[in-house]
Amino acid sequence: GHLEEMSLPLFFGWFLLSSVQDKVRCTSMDFVKTLDTLEAFKKHFIDCEFTGKAEKEVDLEQYFKPTEILHCTTKFCNYGKKDGAKEYAVKDLYGSVFELSLSALFVTPRTVGARVSLTEEQLLLWPADAEKEVEASASLPLGSRAHVSLGCAEGVEPVQTGLDLLEILAVQQGGQSGELVEEMELGSLTYYGEGRWLLSLREPICVPACFSSFYG
Ligand code: ACK
């Protein structure tokens, strides 16, 4: 009936515990600030991906608006309108705390995010079609889209963060290795063209996150 339909959330996912949210935000903010100071970033920036204009300076800290709740979406249900929303029955793990491994940070002209490397157990909660929705990434391994959105440029929706990650991974898979730009304290920074940067973390950031849902 009507009430039953209403009981499906906007999405299911792992929600970072509040104790680690600040740490993740600070790490990503430091990364964005550092990126902003690199000559290589300025050089590519002038070709202009970030503003569309030939501006020489951009304050990335202002450019990206922080996302509200740090989480990694598993199933986007859209209150039941999305395919497979009803079948996504994961009640037995609801409320469990998992340890998520953030393995990379990335920045594009649209979004900032963290890549999440899922364990076998975590992959059991991952929808089989998450990567297939995007043509370019249909052959990427299950879980490739897993991410935490950290910030979006003005007018960009958070769904874009996962799409940007898939694009970068599709370029990697296509055999283009990207241009290794710099060994940084946190890891190696690679440029994938079109304003896409990925910092592969030397030590993944491990964060506790509760499997739950968001109604909004
Ligand atoms: O950063 P995210 O994973 O991207 O978290 C938000 C959350 O749901 C609430 O908007 C994600 N989201 C939005 N639309 C979709 C979609 N069509 N497919 C997958 N995830 C989505 C968004």
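Residues numbered from 1 in each chain as written. Predicted model: local features only at pLDDT ≥ 70, side-chain atom pairs only at ≥ 80, totals over all residues. Heavy atoms only, no water.

A. Looking closely at the nonpolar core. Of all hydrophobic cores here, the largest spans 48 residues; its most connected members are Trp14, Leu16, Leu35, Leu100, Val148 and Leu189. Broken down by secondary-structure element, the contributors of at least two residues to this core are strand E1 (11-16), helix H2 (18-37), helix H4 (60-63), strand E4 (97-107), strand E5 (111-117), strand E6 (147-153), strand E8 (187-191) and strand E9 (197-214). One finds Ala104, Leu165, Leu169 and Leu198 within the second-largest nonpolar core, a separate group that totals 10 residues. (Core = buried A, V, L, I, M, F, W, Y, C linked by side-chain atoms within 4.5 Å. Buried < 20%, exposed > 50% of the residue type's maximum accessible area, 1.4 Å probe, protein only. Helix = DSSP H or I, 4+ residues; strand = E, 2+ residues; numbered from the N terminus.)

B. Local environment of the side chain of glutamine 122. One can find glutamine 122 in helix H5 (residues 120-123). Of the residues examined, glutamine 122 reaches a relative accessible area of 3% and is grouped as buried. At 3.0 Å, the side chain of glutamine 122 and the backbone nitrogen of threonine 119 are in polar contact. Not counting chain neighbours up to four residues away, the residues in contact with glutamine 122 comprise Trp14, Phe98, Glu99, Leu100 and Ser117. (Polar contact = N/O pair within 3.5 Å; in protein donor to acceptor, adjacent residues only side chain to side chain. Contact = heavy atoms within 4.5 Å.)

C. Expanded view of the environment of aspartate 83. Of note, aspartate 83 is situated in the loop between strand E3 (71-76) and E4. Classification of aspartate 83 as exposed rests on a relative accessible area of 64%. Through-space distance from the C-alpha of aspartate 83 to that of aspartate 129 is 9.8 Å; in sequence the pair is 46 residues apart.

D. Quick peek at the site of the ligand. Neighbouring residues of the ligand: Leu10, Phe11, His71, Thr73, Phe76, Lys82, Arg145, His147, Ser149, Pro158 and Val159. Note that an oxygen atom of the ligand is positioned 3.1 Å from one of the side-chain N or O atoms of histidine 147. Considering the ligand on its own, with 440 Å² of exposed area, one finds that the protein chains cover 79% of that surface. Among the secondary structure elements, those contributing two or more residues to the shell around the ligand are E3 and E6. The greatest single-element share of the shell around the ligand, amounting to 3 residues, is contributed by E3. (Near = heavy atom within 4 Å. Areas by Shrake-Rupley, 256 points an atom, 1.4 Å probe, with all protein chains shown as cover.)

E. Representation of the environment of arginine 202 in the model. Relative to the elements of secondary structure, arginine 202 occurs in strand E9. Residues arginine 202 and tyrosine 215, spaced 13 residues apart in sequence, show a C-alpha to C-alpha distance of 35 Å. If we ignore the near neighbours within four places in the chain, the residues touching arginine 202 are Glu183, Met184, Glu185, Leu186 and Gly187. Here the side chain of arginine 202 touches methionine 184 through a polar contact of 2.4 Å, landing on its backbone oxygen.

F. Summary view of helix H6 (residues 159-173). Its 15 residues give H6 an end-to-end C-alpha distance of 22 Å, which sits within 8% of 21 Å, the value for a rise of 1.5 Å per residue. All of the buried residues in H6 are Thr161, Gly162, Asp164, Leu165, Leu166, Ile168, Leu169, Ala170 and Val171. Taken together, the buried residues of H6 touch E4, E5, E6 and E9. One or two steps after H6, the chain reaches glycine 175, where phi turns positive at roughly 90 degrees. (Expected span 1.5 Å × (residues − 1).)

G. Fine view of a nonpolar patch on the surface. The grouping of Tyr79, Tyr94 and Tyr215 at the surface amounts to a nonpolar patch, some 290 Å² of accessible area in total. Along the chain, tyrosine 215 falls in the segment after E9. (Patch = residues over 30% accessible without salt bridge, like charges linked within 9 Å, V, L, I, M, F, W, Y side chains within 5 Å. Salt bridge = Lys/Arg side-chain N within 4 Å of Asp/Glu carboxyl O.)

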